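# Architecture and fold: a report
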Amino acid sequence: YNEYKSYLRMAEVKASNTTIIETGQCLCRAVEFRVEGVQWVNCYCHCRSCSRPIGMSPVHLIMVSPKTSFKITKGQEHVRTVEGQGRMRHQGCKRCGTPLCQWLNSEMETENFVDVYPTTFHLEQGERSCTLPVKYLPTKHVNYENRHYDWNDNLPKFAAFPPNGLVDNQGNPIAK
């Protein structure tokens, strides 16, 4: 947990005023949202707290600050908030089950963020393409020690959270 808090402080310091402004929706379109805030981190997370509620690993997350960056704009009556592992909270559509966001149940300033899933953004470019813009592509893997299999991509991988614990594609520590 202390490692996670250190990571959040580092993310806050490194936030380069990258603003995210997007809208999105659930699969059945009963719920719509808007996210507008400062993007702290954009990653693939392999931890169980993120993966199990979504039913897949890794989960592509964009961490946005503050928590109030995420707002339901339509269908609040269809939104369900559930408790996750530890202090994690998850929000999704009651009708279709689409995950919308997650956050830590905390009042600490270093934990004032919401994780959003870029797969729910309105990114369609024609009928078949939902290619993410470069600014939303993940920049690293975190909690790689919990991966289901090795990822052979060129993104940096961290056993837990950066900046410590850099590992290779097979999860072996990389000497500094």
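Attention now goes to the side chain of Glu111. One can find Glu111 in the loop between strand E7 (99-104) and strand E8 (114-116). Polar side-chain contacts of Glu111 include one of 2.9 Å to the side chain of Arg87.

Turning to the confidence of the model for the protein chain, a few remarks are in order. For the protein chain, per-residue confidence averages 89 on the pLDDT scale, and residues scoring 70 or more make up 88% of the total. Helix H1 (residues 2-14) is the least confidently modelled element of the protein chain, averaging 51 in pLDDT, while strand E4 (residues 70-74) averages 98, the highest of any element.

Looking now at the pattern of salt bridges. Counted by the stated rule, this structure contains five salt bridges. The shortest N-O distance in the salt bridge between Lys74 and Glu32 comes to 3.7 Å. Here Glu32 lies in strand E2 (residues 32-45) and Lys74 lies in strand E4, a separation of 42 residues in the sequence. With a relative accessible area of 40%, Lys74 lands in the partly exposed category.

Moving on: the pairing of strand E6 (residues 88-93). In terms of burial, E6 is largely enclosed, as six of its six residues are buried. Between strand E5 (residues 79-83) and E6, which pair antiparallel and follow one another directly, the connecting turn spans four residues, one of which, Gly86, has a positive phi of 65°. Adjacent in sequence and paired antiparallel, E6 and E7 are bridged by five residues, among which Gly97 carries a positive phi angle near 85°.

So, on to the state of the cysteines. Applying the stated criterion across every chain yields a total of zero disulfides. Of all cysteine sulfurs, the one in Cys45 lies closest to Cys47, which takes part in no disulfide; the gap is 3.5 Å. No disulfide involves Cys93; its nearest neighbouring cysteine sulfur is the one of Cys96, lying 3.7 Å away. You can call Cys93 buried: its relative accessible area is 2%.

Procedures and definitions
Residues numbered from 1 in each chain as written. Predicted model: local features only at pLDDT ≥ 70, side-chain atom pairs only at ≥ 80, totals over all residues. Heavy atoms only, no water. Helix = DSSP H or I, 4+ residues; strand = E, 2+ residues; numbered from the N terminus. Polar contact = N/O pair within 3.5 Å; in protein donor to acceptor, adjacent residues only side chain to side chain. pLDDT = per-residue confidence, 0-100. Salt bridge = Lys/Arg side-chain N within 4 Å of Asp/Glu carboxyl O. Buried < 20%, exposed > 50% of the residue type's maximum accessible area, 1.4 Å probe, protein only. Pairing = 2+ DSSP bridges. Disulfide = S-S within 2.5 Å.

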